[in-house]
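# Coordinates in review
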Amino acid sequence: MRTVTELAGTGGPRGIFDELSKREVRRAALTAVAVPGYQVPFGSREMPVARGWGSGGLQVTLALVGPGDRLKVIDQGEDGGVNAANLRRLVVGHVGCEEETDTRRATLIQSRHRIPETPLRADQTLVLQVPVPEPLRAVEHDVREQRRMHAQEDYARMWVGLYEDLVRNGVVTKSAGYPCMVNGRYLISPTPIPRFDVPKLDQAEHLTLFGAGREKRIYAVPPHTRVEPLVFEDVPFEVEHTPGAACRHCGATASYLVEVPSMDGAVAWVCSDTDFCTRNREVR
Amino acid sequence: MSWALKVDGLGRVYGEQGPRSLPGTGPEHGTSVSPATGAVVAAWDVGFEVAPGEALGIVGESGSGKSTVMRCVAGDERPSRGSAYLSAYDDGRTDVLALDDGARRRLRIDRVAVVYQDPAAGLDLDTSAGGNIAERLTAAGGRHFGRIRERAAELLELTEVPLSRMDDPVRTFSGGMRQRVQIAKALANRPPVLLLDEPTTGLDASVAAGVLDLLRNLLERLGVAAVVVSHDFGVIEMLTRRVMVMQHGRVVETGLTDQLLEDPQHPYSQRLVAAARG
Ligand SMILES: [Zn+2]
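Reading the values: the criteria
Each chain has its residues counted from 1, running along the sequence as written. Lettering of chains starts at A and numbering of ligands starts at 1, both following the order in which they are written. Reporting in this predicted model follows two pLDDT cut-offs: at least 70 for local features of residues, and 80 or more for side-chain atom pairs to be given and counted; totals over whole chains, interfaces and linings ignore these cut-offs and use all residues. Hydrogens and waters are ignored; side-chain quantities use all the structure's heavy atoms. When DSSP locates at least two bridges between a pair of strands, those strands are taken to pair. Strands are runs of DSSP state E lasting at least 2 residues, helices are runs of H or I lasting at least 4, and numbering of each runs from the N terminus. Only the stretch in contact is used when fitting a helix axis, every axis being a line fitted to C-alpha atoms; angles between N-to-C directions are given from 0 to 180 degrees. We call Phe, Tyr and Trp rings a pair once their centres come within 6.5 Å, taking the six-membered ring for Trp, and we label the pair stacked below 30 degrees between planes, edge-to-face above 60, and tilted otherwise. The cut-offs for exposure are 20% and 50% of the maximum accessible area for each residue type, with area from a 1.4 Å probe on protein chains only; residues under the lower value are buried, those over the upper are exposed, and the others partly exposed. Counted as over-ring charges are cases with an Arg CZ or a Lys NZ within 6 Å of the ring centre that also lie within 35 degrees of the ring normal.

Residues and elements named next belong to chain B. Taken together, the three strands give an open sheet; going across it, the order is β2-β1-β4, and neighbouring strands pair in antiparallel fashion. If you trace the sheet from one side to the other, it starts and ends with β2 (40-50) and β4 (81-86), each paired once. Neighbouring strand axes in the sheet, compared pairwise and without regard to direction, differ in orientation by 15° on average. Here five bridges tie strand β1 (residues 5-14) to β4, and the two strands are oriented antiparallel to one another. Among the inter-strand pairings, aspartate 8 is bridged to a residue of β4, identified as serine 83.

This is the structure in structure tokens:
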């Protein structure tokens, strides 16, 4: 994990994100680490990225990154996507750090929709871009009421939502952004990561920071913190899994697989994490 | 202690809170509006005790202050003065009116339940009957889906709601059925104190009679301490043993319900009784 001194550090080149803004984001990030799962407001800036494409994540990354960092940016599981590559180049050009695609060598990873398959270490930080940070929006639109519910740890209506889902559909249909309790206190939406990735947040070695630009919120899951998906005792939490599916490239069956169109019309699967897939192929 | 709920010196003033607002208000002045400050003395110096298994009625017309008293005790609003104690909270040693909002809200989970006149005030109409009950059960820490279903079914059976309707949104229910679901939800965590605010007002007479029968049975069987607020002496007669009559924010008469109905002393009580006897 980054030390407090590093998080609060000064310096770095000027440009798209001034020192004052960085300091504000760092301050919010420190508060977020101190109160795991609590959404800390911050003065979000306009960022030179497409709307909805991670201005919150970018600000957190810019506030943390230094010339000595190795930055990995992924969209879905891919390093090579246009958005991911653009964002990576933007930060690298701005800060002068190194571009990285190998999860093992990256010091800072910004992601949308996935947590890498390779377990992250204490010396790595994950920044997740958050489109909708408020898990309670599913059951309550009034922002003041949402705040009250968080303050009083009044999450009964989330449980009712889960109950109704089970009654109506026989299963919990919520997949991406599955609501989780952090450290037994605050409910968070872990961004549009699949359920498959949720267990990776629980008692992790690394720090995860969540940045929501439009909603101006930062929250955190510090290392060694409990992250528990909202589930009834007698209805187990199940992650996405298709029996019999294996990656077309590397043969992996235990990674998060996505369906791809195949020439012969049959269903084919590939690893969503391209870096993992590449290395897994080399191993074979 | 013999009471489950005790209320002392409860007062609620809208507008200027000082002593200047009191003179000139009350039944003998025919108003609850202060001539000096224009403040509304909605309730003043109201006190009572309710024992487990006992039901107390508060009767009066609209503007008498009876609903204000109920809302203050329920925690829906903060009184200007007074205190309230629950034997089920800190052995009755803590004034629950002085608790912060979060603690007050938690009392509503399993210590004090309220049934409102309008089912929409106590229920989420877009949620199923079972889901509404599940809200109360999960608030109390229920995390076992199967047991929540079982308890919800048990409560719906208790309030005579057909189990076949358990998974239907409450919005699709009739007024009487909604009220039964609201009662089921209120009883979910076996609260020792139950507050009923005009529980049958607005229902058709025959439907209201059915709900009253149900409430009467439940109050007899459950050993809960109940406060029944109504403008209708018929409801009070059916459900309560003791009654307080309120007018212009003050209690004008208290007594055993059957005696007071037989021989009301205060002119206002006499009027209300006459109206109920029609
Ligand atoms: Zn693969």
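Turning our attention to the packing of aromatic side chains. Tallying each qualifying case throughout the model produces seven aromatic pairs over all chains. Relative to tyrosine 186 of chain A, the ring of tyrosine 38 of chain A has its centre 5.4 Å away and its plane inclined at 55°; by these criteria the two rings are tilted. Of this pair, tyrosine 38 of chain A sits in the loop between α2 (19-34) and β1 (40-41) while tyrosine 186 of chain A sits in strand β7 (residues 186-188), placing them 148 residues apart in sequence. Judged by relative accessible area, tyrosine 38 of chain A falls into the partly exposed class, the value being 34%. Since its relative accessible area comes to 13%, tyrosine 186 of chain A is described here as buried. Relative to tyrosine 256 of chain A, the ring of phenylalanine 196 of chain A has its centre 5.4 Å away and its plane inclined at 45°; by these criteria the two rings are tilted. Here phenylalanine 196 of chain A is found in the loop between β7 and β8 (207-212), whereas its partner tyrosine 256 of chain A is found in the loop between β10 (227-229) and β11 (257-260), with 60 residues between them in sequence. The class of phenylalanine 196 of chain A is buried, set by a relative accessible area of 15%. What links up through ring pairs into an aromatic cluster is the set Trp159, Tyr163 and Phe232 of chain A together with Phe145 of chain B. One cation-aromatic arrangement involves arginine 185 of chain A over tyrosine 186 of chain A; the distance from NZ or CZ to the ring centre is 4.1 Å. Directly above the ring of tryptophan 44 of chain B sits arginine 81 of chain B, whose terminal nitrogen or CZ lies 5.5 Å from the centroid.

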